Amino acid sequence: MTNLSLEISIVLFIVSAAVIVVSGTFIAGIADRLAQKTKLGQALMGALFLGFSTSLPGIVTSVTAALGNYPVLALSNALGDIAVQTAFLGIADLTYLEANLEYAAASAATLTQGTLLIVLLTIPLLATAYPLINLWGIHPASFGLVITYILGLRLVSVAYSSPMWKTHDTENIEVLIEEKDDSSTIKLWVYFILLAAVLAVAGYVVEQAGVTIANSTNLSENAVGSLFTAISTSLPELVTTIAAVQRRAFTLAVSGVLGGNSFDVLVLALCDLAYRQGSIYQALTEHQVFLLALTILMTGILLLGLLRREKHGIGNIGFESFLLLLLYLGGFLLVFFSG
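What counts and what doesn't
Residues numbered from 1 in each chain as written. Predicted model: local features only at pLDDT ≥ 70, side-chain atom pairs only at ≥ 80, totals over all residues. Heavy atoms only, no water. Phe/Tyr/Trp six-rings, centres within 6.5 Å; stacked < 30°, edge-to-face > 60°. Helix = DSSP H or I, 4+ residues; strand = E, 2+ residues; numbered from the N terminus. Buried < 20%, exposed > 50% of the residue type's maximum accessible area, 1.4 Å probe, protein only. pLDDT = per-residue confidence, 0-100. Contact = heavy atoms within 4.5 Å. Axes fitted to C-alpha atoms, helices over the stretch in contact; angles between N-to-C directions. Parallel < 35°, antiparallel > 145°, perpendicular 65-115°, else oblique. Left-handed = near helix turned anticlockwise from the far one by under 90°. Nonpolar A, V, L, I, M, F, W, Y, C, P; charged D, E, K, R; others polar. Expected span 1.5 Å × (residues − 1). Polar contact = N/O pair within 3.5 Å; in protein donor to acceptor, adjacent residues only side chain to side chain.

Let us now look at the packing of aromatic side chains. Aromatic ring pairs: the centre-centre distance and the angle between the two ring planes describe each pair. Going through the model one piece at a time under the given rule, you end up with 2 aromatic pairs. Centroid distance Tyr-149 to Phe-263: 5.4 Å. Interplanar angle 50°. Geometry classified as tilted. Here Phe-263 lies in helix α11 (residues 250-274) and Tyr-149 lies in helix α6 (residues 140-161), a separation of 114 residues in the sequence. One exposure class covers both Tyr-149 and Phe-263, and it is buried. Aromatic pair Trp-189 and Phe-192: ring centres 5.9 Å apart, planes at 80°, arrangement edge-to-face.

As structure tokens, this is what we get:
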């Protein structure tokens, strides 16, 4: 698909982006209804199912790049996804005028998710110190990512079902969004899976078209991966996050982003398995290390916002949303002009 002309690529990009907007809006609503009907809760539904479904385009892109011996592109795409998706929370905050998003979404489960993400992000950084170690051709850090993710999901589940502390005003907000729903759970799951498949295909087409458009500018592999393909494959997260906020499903919105980010870190383990020229962590450049550090910083600021729970802030968004957008814009410009 990357051999298509620039004009056709632009048309495919626009059409696929429109499909993502429509299907992403619907899947956010279905995820919210499933969270209520299955009693999984918005935090676990967002962390696991919504996060995975919106991450599918990025997973396909990164693993395909690793299989094709393009480790820098695989790493840049996965890590760039995380940074831009975190910044999307700032954009979503702009669409909700009653209070700051982090004020409405604060809970023990979302805080646990954010902490898990920071732990996951530090593992690839540790792997850069000893990238040549491997077991059956796979770096130990990849095993560590998988184990940490599984144990972390367990902690998120416990934090939702038996939180050590509660924010009563946030709980009241979530009660308000409950709806009478006569649809069967099986039918909702079928709709969810079908919409996830549509998102995956549309996201992949958007990514491929984005690569063609970006390559026409003669940008480096770092810039293409960490900026254009990352933003392209992250469109589902932006749409579903805003759609969840409009439904007042605030925990689902934040959990969907944090869950998707955790999946993207986990993708590094898949890329390490797919890349057969050694440990993929040895291909980490200063650009990827910068993205890792930037995302850890952004996630830490998000956690501070969830803890601080400022009801109104700069431009009617929280201080954390303002800083997230500012940091990502600064990081974007640095990668663009240095790449």
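On we go from here.
This part is about the confidence of the model for the protein chain. Chain-level pLDDT for the protein chain is 78 on average; 80% of the residues reach the 70-or-more range. Looking at the elements of the protein chain, mean pLDDT is at its lowest for helix α7 (residues 168-176), recorded as 47, and at its highest for helix α5 (residues 108-127), recorded as 90. Contacts for the low-pLDDT stretch residues 170-179, under 50 throughout, to residues beyond four places or in other chains number 21 contacts.

Remark: helix α1 (residues 6-37) packs on helix α2 (residues 41-67), axes separated minimally by 9 Å, with the N-to-C direction vectors making an angle of 140°. Judged by the inter-axis angle, α1 sits oblique to α2. Pair α1 / α2 crosses with right-handed handedness. Together, Ile-27, Ala-31, Asp-32, Leu-34 and Ala-35 of α1 and Gly-41, Gln-42, Met-45, Leu-50 and Ser-53 of α2 make up the contact between the two elements. When the residues that make up the contact of α1 with α2 are grouped by side-chain class, the tally is 6 nonpolar, 3 polar and 1 charged.

In a regular helix each residue adds 1.5 Å, so 12 residues correspond to 16 Å; helix α10 (residues 235-246) covers 17 Å between its end C-alpha atoms and thus fits that length. In terms of burial, α10 is largely enclosed, as 10 of its 12 residues are buried. Within α10 the residues assigned to the buried category are Leu-235, Pro-236, Glu-237, Leu-238, Val-239, Thr-240, Thr-241, Ala-243, Ala-244 and Val-245. Directly after α10, the chain includes Arg-248, whose backbone phi takes a positive value near 65°.

This brings us to the side chain of Thr-295. Tracing the sequence through the fold places Thr-295 in helix α12 (residues 286-308). For Thr-295, a relative accessible area of 1% corresponds to the buried category. Only 2.7 Å separates the side chain of Thr-295 from the backbone oxygen of Leu-291, close enough to count as a polar contact. Those residues in contact with Thr-295 that sit more than four places away from it in its chain are Leu-79, Ile-82, Ala-83, Thr-86 and Leu-121.

Another aspect to go through is the packing of α5 against α11. Look at α5 against α11: their axes get within 10 Å of each other, and the N-to-C directions meet at 20°. As the angle between them shows, α5 and α11 are arranged roughly parallel. In this structure, the crossing between α5 and α11 has a hand that is left-handed. Residues Thr-110, Gln-113, Gly-114, Leu-117, Leu-120, Leu-121 and Pro-124 of α5 form the contact with α11, whose own contacting residues are Thr-251, Val-254, Ser-255, Leu-258, Gly-259, Asn-261, Ser-262, Val-265 and Leu-268. Tallied by class, the residues present in the contact of α5 with α11 amount to 8 nonpolar, 8 polar and no charged.

Here Leu-284 is to be found in the loop between α11 and α12. The exposure class assigned to Leu-284 is buried, which follows from its relative accessible area of 13%. Considered as a pair, Leu-284 and Leu-75 are 209 residues apart in the sequence and their alpha carbons are 7.2 Å apart. With residues up to four places along the chain from it excluded, the contact list for Leu-284 reads Leu-75, Leu-79, Pro-124 and Thr-128.

Let's shift gears to the environment of Gly-318. Topologically, Gly-318 is positioned in the loop between α12 and α13 (319-338). Note on Gly-318: relative accessible area 0%, which makes it buried. Sequence separation between Gly-318 and Asp-93 is 225 residues, and the spatial gap between their C-alpha atoms is 7.8 Å.

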